[in-house]
Amino acid sequence: MFAVSRYYLALLGHSQRYLPAALAYLALCSILYADPSSPVLPLFGVSGAGVLVLGCWLTIALLDIEDPVQRLITLNHAGGNRKTIGGAVLTVFGCTLVCTVVTVAWAATHRNQLHGQIISAGLATHLACALVGIAIGLPCSRLLVSRIGWTVLAAVLVLGLVLLGKWVPLVHPLLEALMSGAPYGGPLGLAIGTSVVSLAASMTVVGAVSAHRS
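First, a word on what this report is: a plain description of the structure on this page. Bear in mind the structure is a predicted one, so any value in this text is a computation, not a measurement.

### Remarks on the state of the cysteines
Part 1: For the structure on display, the rule yields 0 disulfides.
Part 2: This cysteine, C95, is not joined by any disulfide, and C99 carries the nearest cysteine sulfur, 7.2 Å off.
Part 3: This cysteine, C129, is not joined by any disulfide, and C29 carries the nearest cysteine sulfur, 12 Å off.
Part 4: C129 gets classed as buried once you look at its relative accessible area, which sits at 0%.

### Details of the packing of helix 6 (residues 116-140) against helix 7 (residues 148-164)
Relative placement of two packed helices is described by the angle separating their axes and the distance separating the axes.
Part 1: Contact pair helix 6 / helix 7: the axes reach a minimum separation of 9 Å and the direction vectors enclose 150°. When the axes of helix 6 and helix 7 are compared, the pair comes out roughly antiparallel. Where helix 6 crosses over helix 7, the handedness of that crossing is right-handed. From helix 6, V132, I136 and C140 reach across to helix 7, where they touch T151, A154, A155, V158, L159 and V162.
Part 2: Class assignment for the residues of the contact of helix 6 with helix 7 results in 8 nonpolar, 1 polar and no charged.

About the thresholds
Residues numbered from 1 in each chain as written. Predicted model: local features only at pLDDT ≥ 70, side-chain atom pairs only at ≥ 80, totals over all residues. Heavy atoms only, no water. Disulfide = S-S within 2.5 Å. Buried < 20%, exposed > 50% of the residue type's maximum accessible area, 1.4 Å probe, protein only. Axes fitted to C-alpha atoms, helices over the stretch in contact; angles between N-to-C directions. Helix = DSSP H or I, 4+ residues; strand = E, 2+ residues; numbered from the N terminus. Parallel < 35°, antiparallel > 145°, perpendicular 65-115°, else oblique. Left-handed = near helix turned anticlockwise from the far one by under 90°. Contact = heavy atoms within 4.5 Å. Nonpolar A, V, L, I, M, F, W, Y, C, P; charged D, E, K, R; others polar.

The structure is reproduced here in structure tokens:
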């Protein structure tokens, strides 16, 4: 799986499909964290939402690079559908992990009021959002949706539902708590649990359906 992940990382880097989302996230963070006196928890909520979109974009971009023939070759060399999907997820999670560490480290080094609990909350928030973004990107990718127009429409609708739907118990309760100043301990635990479950379910369903199609 790690060999597949390295292959996908090289493929993503060579394609440069990561650039639009990565530059947009960089611009977002440069604006958010420009003022060192602003409270950091609401900013973590906004940049966490940015990581969610970034994770979804990178997942779709990575899995849509290969055409069906190239994907069959990758499947044969990797030894199965589970390893290729796992390698893709590992690649995107690694990219979002780097963005998360850079974001939280920047906030920590430019603010004197940060302590371990806030830093841990920032890391957990961004990583939970990254997992949900990957979980959304998998079924919206070419593995299940063959046309790019339907991919964009599906991804935008699901992202909007997850980020704005108060009745969706994934990361919205956490982001809302962070941005409103409400207690975030319970929503943070909920976000961590639901993000892991949603990614596992997405990988299982997409792996089964794509294996049946191939």
